[in-house]
Structure formats: structure tokens, C-alpha cells
Amino acid sequence: MMMIWGYGMVYQQFINIPAIAIEIVNALAGSIGIIATVPVTAVVSILLIKRKGEEY
């Protein structure tokens, strides 16, 4: 944000800087990973608990 304001850059020019674009993609991928981890962990734990209950 400081680069946009300080250098008077246009928003589209700022987004097209490779380092900024890479960081945006990294943030999106990390967020999707964190959000997907909770449901996947819940499903796996439910399956493991059901399987262990059937063994007894």
C-alpha cells in the first residue's frame, strides 16, 4: 500500500509486480489449505473412530 501511495502507482501496475503477484497467490493457497484442513481432519478422525469401534 505504501508503494501505491508513495510512488503514485496505478493499482493494476502494482498488482503486476511479480513479487506482489507471488505473495498474493501464496496467501490464497495458504488460506485454502488452512480452511480445508479442518473438515478433512474431521472426516479422517470419524472414519478411524468408526473402524476402531468395529474391531471390538
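Below or above, wherever it landed, is the structure these notes cover. Owing to the predicted nature of the structure, the values given are computational and were not obtained by experimental measurement.

## Focus: the overall build of the protein chain
Item 1. Looking only at helices and strands, one finds 3 helices and 0 strands in the protein chain.
Item 2. Taken from N to C terminus, the helices and strands of the protein chain fall in the order α-α-α.
Item 3. On C-alpha atoms alone, the protein chain measures out to a radius of gyration of 21 Å, which is more than a quarter above the 10 Å that the 2.2 N^0.38 rule sets for 56 residues.
Item 4. Taken along its principal axes, the extent of the C-alpha atoms in the protein chain is 70 × 15 × 10 Å.
Item 5. Looking at the protein chain residue by residue over its 56 residues, the buried ones come to 5%.
Item 6. As displayed, the protein chain offers around 5100 Å² of accessible surface, 73% of which is attributable to carbon and sulfur atoms.

Thresholds applied
- Residues numbered from 1 in each chain as written.
- Predicted model: local features only at pLDDT ≥ 70, side-chain atom pairs only at ≥ 80, totals over all residues.
- Heavy atoms only, no water.
- Helix = DSSP H or I, 4+ residues; strand = E, 2+ residues; numbered from the N terminus.
- Rg over C-alpha atoms; globule rule 2.2 N^0.38 Å.
- Buried < 20%, exposed > 50% of the residue type's maximum accessible area, 1.4 Å probe, protein only.
- Areas by Shrake-Rupley, 256 points an atom, 1.4 Å probe, with all protein chains shown as cover.

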